[in-house]
Amino acid sequence: MSVGNINDRVPSGVGGLDKIIGGGFPRGSLIVLAGNPGTGKTILSACFLYHGAVNYGERGIYVSFAESRKSFFGNMLSLGLDFEVLEREGRFRFLDMLTVREEAVQNVLEAILKEVSEVEAKRLVIDSFSALAQAFRETHEARIILHTILSRITRLLGCTTILITEIPRGENKIGLSAEEFVADGIILLGRTRLEGRLLRELELFKMRGTPVYETQAVFTLKDGFKVFPPFKSKPIEKPCRFQPQPDTEEYFSTGSPDLDKMLEGGYPRGSTVLIEIDEHITKLQYHLITAPTAYNFIVQGRGVILIPSRGVDHNLVKRRAEEGGITRNEVDRLLRICIKDYPGFKPEPCLVAFKGENLKEDYLKYIEVEQKLVESTGQPVLHITGVDTMIDMYGVREVLSALRAYATRVMEAGGLSIILLKPGYPKLAKILGALADVHLKITREHGAVLVYGIKPRTNLHVLEMDVSRGYPMPKLTQII
Ligand SMILES: Nc1ncnc2c1ncn2[C@@H]1O[C@H](COP(=O)(O)OP(=O)(O)OP(=O)(O)O)[C@@H](O)[C@H]1O
Ligand SMILES: [Mg+2]
């Protein structure tokens, strides 16, 4: 089926989808939407119709061979999509074809066509082609729809149409049947698991007139249907100072309301937190998770001691502090960045130079720095430790025993220790995982950054950058 002007796009009404399909569906196109049961086909289609009517003034029709009117209206209302109101206002119609089996193909087709032209619908959903095909004795009978009626609906009436195709459970491919050849676009919805946690993914097989750069994307059904294009950093337009997040008696806030919520409170006081970071994760991405905790300590007049991970130098740390609106004076008073001594090193109040040869010697110096911060602030200290940097200097065994000793020390002092671990040390990951009170992982899938808890166990959450407050914050959306 060919589409008039390929550049004439209709916004899909599905959050994030337009970014990966070139701005929207080609107007008057036929889109095949395929997937196993429960993968979100009905919800995506409902968003297409609902937002099409509400935001773009396009009337829509849902032709259902699969789901009853009551169940459709009820389920969608639970997602905040009130189709009854739309129907009352004449912007939506639900065609119940559940009992159509006895009727002739021609009648069904004509009923749909009549409805589309009568209502002047610009969006149509047929749920599903599979159910429709089953309703007729001969499959080729149902296929007539594609070549006659559907082409008239889409091309002549300019009505963009989603044709749902059910893929039986257990199968994960779409068969190469007729509807897929005539389609202008094919979207496959799927669900899989990542460390036992639900991961939803969408695959774009084709979208006529659109160079498809990203063929796969992560999505969630939280509050409707939201697709996550690859992670994007955002510039901070109006820089502001970090707003402190309140701690509780039991927990330190992570500095991020979203992360606090994911962890059901925050980081327990006196705890050791292990954050495992995948090799695909950039500094900016994991700093979104760690920086707010440091901001939250500093703006409350507490000390932070940092051993930066490999690839992070003290200038980057200072820049991050600036992004959180931390003043130069606060950096000098409250932040301590541990670095390896080098020829020509220029001392600064916030820098602590280590020899990096003998851990015992350096450890004593570290404790001294910590003591001074505790004395000057009268408050617990936050430790952020890049394990890779330490291993480079002292070797795995030494580092492990130091971290063990440190976990006890932090627990007794009621402070907080965040350990950052990069890949390459699987054994260490296991040992530190057992030692830690909180264990988070950060990884990437189809360009989206995923954060999840091993301890406490959480669902996968997609990480985005939120700059709406004037400083970088993590935005976490659960995948359900
Ligand atoms: N209010 C809601 N909030 C979040 N998720 C929901 C909500 N209601 C249903 N779901 C989830 O949505 C999924 C079903 O979505 P949907 O009905 O769109 O799937 P489908 O692909 O059309 O399935 P089927 O092939 O059975 O028709 C279920 O897995 C369910 O867990
Ligand atoms: Mg459905």
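Treat the numbers as computed from the prediction; the structure is a model and nothing was measured.

Turning our eyes to something else, we now look at the site of ligand 1. What surrounds ligand 1 is a group of 15 residues, the closest being Pro-37, Gly-38, Lys-41, Thr-42 and Ile-43. Secondary-structure elements contributing two or more residues to the shell around ligand 1 are helix 2 (41-56) and helix 3 (69-78). Here the shell around ligand 1 gets three residues from one element, more than from any other, and that element is helix 2. Across the shell around ligand 1, the residue classes tally to six nonpolar, seven polar and two charged.

Another aspect to go through is unusual backbone geometry. For the bond from Asp-127 to Ser-128, the omega torsion is 0 degrees, close enough to zero to count as cis. Its place among the elements puts Ser-128 in the loop between strand 6 (123-127) and helix 6 (129-135). The residue after Lys-455, namely Pro-456, is reached through a cis peptide bond having omega -10 degrees. Assignment of secondary structure puts Pro-456 in the loop between strand 21 (448-455) and strand 22 (461-466). A positive phi is found at Glu-120, a non-glycine position, where the angle reads about 55 degrees. Within the secondary structure, Glu-120 sits in the loop between helix 5 (105-119) and strand 6. A positive phi angle, close to 55 degrees, is found at Asp-223, a residue other than glycine. Checked against the element boundaries, Asp-223 lands in the loop between strand 10 (216-220) and strand 11 (226-228).

One way to put it is that helix 15 (residues 387-394) packs onto helix 16 (residues 396-413) with a least axis distance of 7 Å and a crossing angle of 125 degrees. For the element pair helix 15 / helix 16, the angle class is oblique. In the crossing of helix 15 with helix 16, the sense of the turn from one axis to the other is right-handed. Contacts between helix 15 and helix 16 involve Val-387, Met-390, Ile-391 and Tyr-394 from the first element and Val-396, Glu-398 and Val-399 from the second. The residue inventory of the contact of helix 15 with helix 16, partitioned by class, reads six nonpolar, no polar and one charged.

Next up on the list: the sheet that holds strand 19 (residues 416-421). The strand order across the open sheet built from 10 strands is 17-16-15-18-19-14-20-21-22-23, with neighbouring strands paired in mixed fashion. Lying at the two open borders of the sheet, with one neighbouring strand each, are strand 17 (351-354) and strand 23 (473-478). Taken pair by pair, the neighbouring strands of this sheet meet at an average axis angle of 25 degrees, ignoring direction. Here strand 14 (residues 272-277) runs beside strand 19; their pairing, made up of five bridges, is parallel. By the bridge assignment, Leu-274 is partnered in strand 19 with Ile-419. Each of strand 15 (304-307), strand 16 (335-340) and strand 17 is contacted by helix 12 (residues 314-323), which is oriented at about 165 degrees to strand 16, the strand it contacts most.

Here the protein chain is partitioned into domain 1 (9-228) and domain 2 (251-478). Between the C-alpha centres of domain 1 and domain 2 the distance comes to 46 Å. Taken together, the contact pairs 13 residues of domain 1 with 10 residues of domain 2. Those elements that place two or more of their residues in the side of domain 1 that touches domain 2 are strand 9 (197-207), strand 10 and strand 11. Residue classes in the side of domain 1 that touches domain 2 are distributed as six nonpolar, two polar and five charged.

Glancing now at the sheet that holds strand 5 (residues 92-96). The strand order across the open sheet built from nine strands is 5-4-6-7-3-8-9-10-11, with neighbouring strands paired in mixed fashion. The open sheet has two free edges, formed respectively by strand 5 and strand 11, since each of these has just one partner strand. Looking at each pair of strands side by side, their axes are set apart by 25 degrees on average, direction ignored. Note that strand 8 (residues 185-194) and strand 9 share 10 bridges and pair antiparallel.

What counts, and where the lines are drawn
All residue numbers here refer to positions counted from 1 along the written sequence of the relevant chain. For this description, chains carry letters from A and ligands carry numbers from 1, given in the order in which they are written. For this predicted model, a pLDDT threshold of at least 70 governs which residues receive local features, and a threshold of 80 or more governs which side-chain atom pairs are given and counted, while totals over whole chains, interfaces and linings are taken from all residues. For each residue, a C-beta atom is positioned from the backbone; the residue is called near a molecule or strand if that atom sits within 6 Å of it. Helical segments are the DSSP runs of H or I of at least four residues, strand segments are the runs of E of at least two, and each set is numbered from the N terminus. Polarity classes work like this: nonpolar for Ala, Val, Leu, Ile, Met, Phe, Trp, Tyr, Cys and Pro, charged for Asp, Glu, Lys and Arg, and polar for all others, with Gly in that last group. Between the N-to-C directions of two axes lies an angle of 0 to 180 degrees, each axis being a line fitted to C-alpha atoms and, for a helix, fitted only over the stretch in contact. Any angle from 65 to 115 degrees is called roughly perpendicular, while one under 35 is roughly parallel, one over 145 is roughly antiparallel, and all others are oblique. Handedness of a crossing follows from how the near helix is turned relative to the far one, being left-handed for an anticlockwise turn of less than a right angle and right-handed for a clockwise one. In this description, any two residues whose backbone-derived C-beta atoms lie within 7 Å of each other are considered to be in contact. Criterion used throughout: strands pair if DSSP finds at least two bridges between them. What marks off one domain from the next here is an automatic or database domain assignment.

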